[in-house]
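A look at the structure
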Amino acid sequence: MPETPSRILPFGSLVAAMVTPFTDDGGVDFDATAALAAKLVDDGCDGLVVSGTTGETSTLEDSEKEDLYRVVAETVGDRARVIAGTGTNHTSHSVEMARRAERAGAHAQLVVTPYYNKPTQAGVLAHFEAVADATDLPIMVYDIPGRSAIPITTETMLRLAENPRIGALKDAKADFSAITRVLAATDLDVYAGDDALTLPWMAAGAVGVVSVSAQVATVAFRALVDAATAGDLDEARRIHFALDPVVRAVMTHLPGAVSAKQILRLRGVLPNAVVRLPLVEADADELAPVLADLAEAGWDVGAAGTARVAGA
């Protein structure tokens with residue numbers, strides 16, 4: 001993995017939101033998980049989110065999640081930060097998953113805004129503080145109102161930043177004004193939570209990205225993050241434009257877990273593209289625009305079911 005100043009960050013800088021590989025019959029494929037984690041770190045990731053949204057956390061059993069945390073932590077050791085997706089909309093359940101993550105050897109945790117039950121901001125604050133108080137694991141807060149139904153207001157985020165165990169924010173709200181206030185008023189490590197916004201968020205002071213697309217184009221995303229960190233905006237802009245069709249392929253046509261697994265299968269990284277219901281695998285018509293975007297990016301997507309690209 002390239003030596004970069006970002007490696008001292010407690011959550012990393014290029015953080016892949018890992019898929020969870022499954023066997024053909026739908027069980028968790030721990031061997032494929034370990035192989036994927038090792039490849040991502042070898043190619044430049046210094047952080048891995050395990051059992052996040054893209055990891056199909058909502059259809060994993062608690063015991064499967066704990067085993068995934070452990071397998072990835074044992075695989076990558078101290079070469080990358082293992083960030084366990086522990087957040088749910090049930091505070092005591094989130095606390096339990098935080099304890100399981102700590103027991104399994106995770107370095108940190110990603111905690112999403114409580115979804116579906118739409119708490120007040122006072123409830124949001126109390127939820128995160130309860131999870132933070134349960135273990136010594138540092139927390140990356142995940143603000144994604146498109147999935148949680150409510151945003152974390154800037155005022156609530158400023159209060160959360162006062163908690164010593166809350167060290168980072170994955171921002172998927174796409175509100176540049178709000179994130180500017182957080183960057184200006186707190187010491188939080190801010191991460192782009194939208195792959196396409198990596199460059200503008202880093203130009204404003206974010207330290208990196210938590211990315212679905214990075215697991216299919218790790219080398220290019222590593223170069224983008226490094227260029228932005230170094231202040232080389234010309235190079236960062238060039239890579240940003242080159243990655244745009246790849247990000248579209250992964251993020252705009254299908255659920256991220258579905259598209260990422262299909263691309264990883266095409267590239268020979270995963271043996272299959274199995275997902276768990278209610279997600280279903282893409283059919284040929286659904287996959288066509290994904291392949292068209294990859295072709296636009298210069299990927300050689302052959303009829304034999306392979307995809308190759310230099311520097312991805």
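Every chain begins its residue count from 1, and numbering advances along the sequence as written. In keeping with the model being predicted, local features are shown solely for residues with a pLDDT of at least 70 and side-chain atom pairs are shown and tallied solely at 80 or more, while totals for entire chains, interfaces and linings include all residues. Hydrogens are left out, water is left out, and the side-chain values use all remaining heavy atoms of the structure.

Looking at an unreviewed UniProt entry, the chain carries the name 4-hydroxy-tetrahydrodipicolinate synthase, with the source organism given as Arthrobacter pityocampae. As its UniProt record puts it under Pathway (unreviewed entry), the chain is described as follows: "Amino-acid biosynthesis; L-lysine biosynthesis via DAP pathway; (S)-tetrahydrodipicolinate from L-aspartate: step 3/4." UniProt positions are given in the numbering used here, feature names are shortened, and annotations may be inferred rather than shown by experiment. The annotation that UniProt attaches to the chain under Subunit (unreviewed entry) is "Homotetramer; dimer of dimers."

**Considerations on helix 9 (residues 218-230)**
Helix and strand definitions here come from DSSP, where helices need a minimum of 4 consecutive H or I residues and strands a minimum of 2 consecutive E residues; each element is numbered from the N-terminal end. The span you would expect from a helix comes to 1.5 Å times its residue count less one. In a regular helix each residue adds 1.5 Å, so 13 residues correspond to 18 Å; helix 9 covers 18 Å between its end C-alpha atoms and thus fits that length. Within the span of helix 9, buried status applies to Thr218, Ala220, Phe221, Arg222, Leu224, Val225, Ala227 and Ala228. The secondary structure elements touched by the buried residues of helix 9 are strand 1 (14-17), helix 1 (30-43), helix 8 (198-204), strand 8 (208-211) and helix 10 (233-251). Once helix 9 ends, the next one or two residues include Gly231, with phi positive near 80 degrees. Exposed residues in this analysis have more than 50% of their type's maximum accessible area, buried residues have under 20%, and partly exposed residues fall in between, with area computed by a 1.4 Å probe over protein chains only. Contacts are assigned to residue pairs with any non-hydrogen atoms lying within 4.5 Å of each other.

**A few points about the packing of helix 9 against helix 10**
Axis geometry follows a simple rule: fit a line to the C-alpha atoms, using only the stretch in contact for helices, then measure angles between N-to-C directions, giving values from 0 to 180 degrees. The interhelical angle for the contact between helix 9 and helix 10, taken along N-to-C directions, is 150 degrees, at an axis separation of 9 Å. For the pair helix 9 and helix 10, the crossing hand works out as left-handed. Residues Ala220, Phe221, Ala223, Leu224, Ala227 and Ala228 of helix 9 form the contact with helix 10, whose participating residues are Glu235, Ala236, Ile239, His240, Leu243 and Val247. Lys, Arg, Asp and Glu make up the charged group, whereas Ala, Val, Leu, Ile, Met, Phe, Trp, Tyr, Cys and Pro make up the nonpolar group; the residues left over, Gly among them, are polar. Within the contact of helix 9 with helix 10, the residues separate by chemical class into ten nonpolar, one polar and one charged. By convention the crossing between two helices is left-handed if the near helix lies anticlockwise of the far one by an angle smaller than a right angle, and right-handed if it lies clockwise.

**Focus: the sheet that holds strand 1**
In space, the eight strands of this closed barrel follow the order 1-2-3-4-5-6-7-8, with parallel pairing throughout. Each adjacent strand pair in this sheet contributes to an overall mean axis angle of 25 degrees, direction not counted. Running over the sheet, helix 4 (residues 121-134) touches strand 4 (108-112), strand 5 (139-143) and strand 6 (166-171) and is turned about 160 degrees from strand 4. By this definition, two strands are paired if DSSP reports at least two bridges between them.

**Quick word on the pattern of salt bridges**
We count a salt bridge whenever a side-chain nitrogen from Lys or Arg sits within 4 Å of a carboxyl oxygen from Asp or Glu. Tallying each qualifying case throughout the model produces 19 salt bridges. With its nearest N and O atoms 2.9 Å apart, the salt bridge here joins Asp143 to Lys173. Here Asp143 is found in strand 5, whereas its partner Lys173 is found in the loop between strand 6 and helix 7 (176-185), with 30 residues between them in sequence. Given a relative accessible area of 2%, Asp143 falls into the buried group. What emerges from the salt-bridge pattern is a single network uniting Glu66, Asp67, Arg70, Glu96, Arg100 and Arg103.

**Structural notes on the UniProt feature "site: Part of a proton relay during catalysis" (unreviewed entry) in the chain**
When the UniProt feature table is mapped onto this chain, "site: Part of a proton relay during catalysis" (unreviewed entry) is found at Thr53 and Tyr116. With respect to the secondary-structure elements, Thr53 resides in the loop between strand 2 (47-50) and helix 2 (62-76). For Thr53, a relative accessible area of 37% puts it in the partly exposed group. Topologically, Tyr116 is positioned in the loop between strand 4 and helix 4. Beyond its immediate chain neighbours, meaning those up to four positions away, Tyr116 contacts Asn89 and Ser148.

**Topic: the UniProt feature "active site" (unreviewed entry) in the chain**
Sites flagged by UniProt as "active site" (unreviewed entry) map to Tyr142 and Lys170. The largest pairwise C-alpha distance within this set of annotated residues, which runs over 29 residues, is 4.8 Å, so the set is compact in three dimensions. Among the secondary structure elements, Tyr142 is positioned in strand 5. In this structure Tyr142 touches Thr53, Leu110, Val111, Val112, Thr113, Ile152, Lys170 and Ala172, once residues within four positions along its chain are discounted.

**Some remarks on the packing of aromatic side chains**
For this analysis, a ring pair means two rings from Phe, Tyr or Trp (six-membered ring only for Trp) whose centres lie within 6.5 Å, classed as stacked if their planes differ by under 30 degrees, edge-to-face if by over 60, and tilted for the remaining angles. Under the defined criterion, the tally for this structure stands at one aromatic pair. In our convention, an over-ring charge means Lys NZ or Arg CZ found within 6 Å of a ring centre and within 35 degrees of that ring's normal. Just above the ring of Tyr142 sits the side chain of Lys170; from NZ or CZ to the centre is 3.9 Å.

**Some words on unusual backbone geometry**
Pro278 follows Leu277 through a cis peptide bond whose omega is 15 degrees. Mapping Pro278 onto the fold places it in the loop between helix 11 (256-266) and helix 12 (284-296). The phi torsion at Lys118 lies on the positive side, around 50 degrees, for a residue other than glycine. Backbone geometry at Ala174 places phi at a positive 60 degrees, although glycine is not the residue there. Considering the arrangement of structural elements, one finds Ala174 in the loop between strand 6 and helix 7.

**A short note on helix 2**
In this model, helix 2 (15 residues) spans 22 Å end to end at C-alpha, consistent with the 21 Å of a helix rising 1.5 Å per residue. Along helix 2, the residues classified as buried are Glu64, Lys65, Glu66, Leu68, Tyr69, Val71, Val72, Ala73 and Val76. Positive phi appears at Gly77, one or two residues downstream of helix 2, with a value of about 55 degrees.

**A word on the environment of Leu197**
Relative to the assigned elements, Leu197 resides in the loop between strand 7 (189-192) and helix 8. Residue classification places Leu197 among the partly exposed positions, given a relative accessible area of 22%. Not counting the four nearest positions on each side in its chain, Leu197 is found in contact with Ala174 and Ala192.

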